[in-house]
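# An overview of the molecular structure
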Amino acid sequence: MPTPPTFPAEAFATKANAHALYVGDRINTSGFEEQALSSVPLAVRAGAGIAVLFRYGVVVLIGLTTEEEAAFLQRLKPRIGGAFGNIDDETAAFQLDGEDQVAAGGPIQLRQMSLERLLIIADVLAKSVVLAHDEREVAKVFEVIEPFARELAEHGHTRRSRPAMMKLIGNALLVQHRVSGRVAITEKPDALWERPDLERLYARLEDEYELKERVDTLNRKLEVVADTASTLADIIDTRRALRLELIVVLLIAIEVVVAMVQIAMGRGH
């Protein structure tokens, strides 16, 4: 049996950086079991540091050089499903200090360079980078929704064609599907089950990155997106119903004309 890897604490003797990258829709983590430092989330040795892999598409590289990061990402590439063209990323610096502290705008201070502490940092960074990506995706939908809403407010109707509105509905629902439920932002990391004494560190990181506030804001925007999609669907249904009514009226009118012609022709005979 191969010897299980050990946590490279010596690599983080005084300070290091954590680099979170949102690389795709998902990461296939199977096959790393023999190299695992942690199973949930999966953490493995990489270069002089460690890599933490999240199935929802984020990898957090801790203590790696630029060359080591590039080499690991190349190794990870075949495991990425739905790879993104533009990769969102966030970086956090941390250093050894007398106690666990999170100073605004400064490096994260850690009492010990323990694996559990680094997993908590990785968890928060991964959630933050996913939120940043989703915030931008929702903003794109809002950019499309705003002209439509202004048109309705100014004219009481829209000149958009049915295909254009269906495309807008599709974009709105697609973003809602991507954002909702894939990443449990408000759930605490698994590392806290074994180390409840690190709750305070996680709470401070959660506040620093405003995870709860950003989730609430994003959910409110998603509600607007859903309401807009529903409104567009209602407009399409109304247009279709009006068109059907016009067709029925036209058919009745044609029948009346045909009947009158037949009556007139009958009188002529």
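First, a word on scope: everything that follows refers to the structure included in this document. (Residues numbered from 1 in each chain as written. Predicted model: local features only at pLDDT ≥ 70, side-chain atom pairs only at ≥ 80, totals over all residues. Heavy atoms only, no water.)

A surface patch of negative charge is lined by Asp207, Glu208, Glu210, Glu213 and Asp216. Every element with two or more residues in the negative patch is listed here: helix 5 (199-208) and helix 6 (211-268). You can call Asp207 exposed: its relative accessible area is 54%. (Patch = residues over 30% accessible without salt bridge, like charges linked within 9 Å, V, L, I, M, F, W, Y side chains within 5 Å. Areas by Shrake-Rupley, 256 points an atom, 1.4 Å probe, with all protein chains shown as cover. Salt bridge = Lys/Arg side-chain N within 4 Å of Asp/Glu carboxyl O. Lys, Arg positive; Asp, Glu negative; His and termini not counted. Charge placed at Lys NZ, Arg CZ, Asp CG, Glu CD. Helix = DSSP H or I, 4+ residues; strand = E, 2+ residues; numbered from the N terminus. Buried < 20%, exposed > 50% of the residue type's maximum accessible area, 1.4 Å probe, protein only.)

A cluster of nonpolar residues, Leu244, Ile247, Leu250, Leu251, Ile254 and Val258, forms a patch on the protein surface that exposes about 540 Å² of accessible area. On the secondary structure map, Leu250 appears in helix 6. With a relative accessible area of 51%, Leu250 lands in the exposed category.

On to helix 1 (residues 66-76). Those residues of helix 1 that sit buried are Glu69, Phe72 and Leu76. For helix 1, the angular spread of buried residues about the axis comes to 70 degrees, placing them on one side. Exposed and facing more than 90 degrees away from the buried side of helix 1 are Thr66, Glu67 and Gln74. Looking at the buried side of helix 1, the elements it contacts are strand 1 (15-27), strand 3 (42-46), strand 4 (49-54), strand 5 (58-62) and strand 6 (80-96). (Arc of directions from axis to C-beta. Contact = heavy atoms within 4.5 Å.)

So, about the packing of aromatic side chains. Two aromatic rings, taken as a pair, are described by how far apart their centres are and by the angle between their planes. Summed over the entire model, instances satisfying the criterion amount to two aromatic pairs. On the basis of an interplanar angle of 85 degrees and a centroid distance of 5.0 Å, the ring pair of Tyr22 and Phe84 is categorised as edge-to-face. Of the two residues, Tyr22 sits in strand 1 while Phe84 sits in strand 6, which places them 62 residues apart along the sequence. Since its relative accessible area comes to 0%, Tyr22 is described here as buried. (Phe/Tyr/Trp six-rings, centres within 6.5 Å; stacked < 30°, edge-to-face > 60°.)

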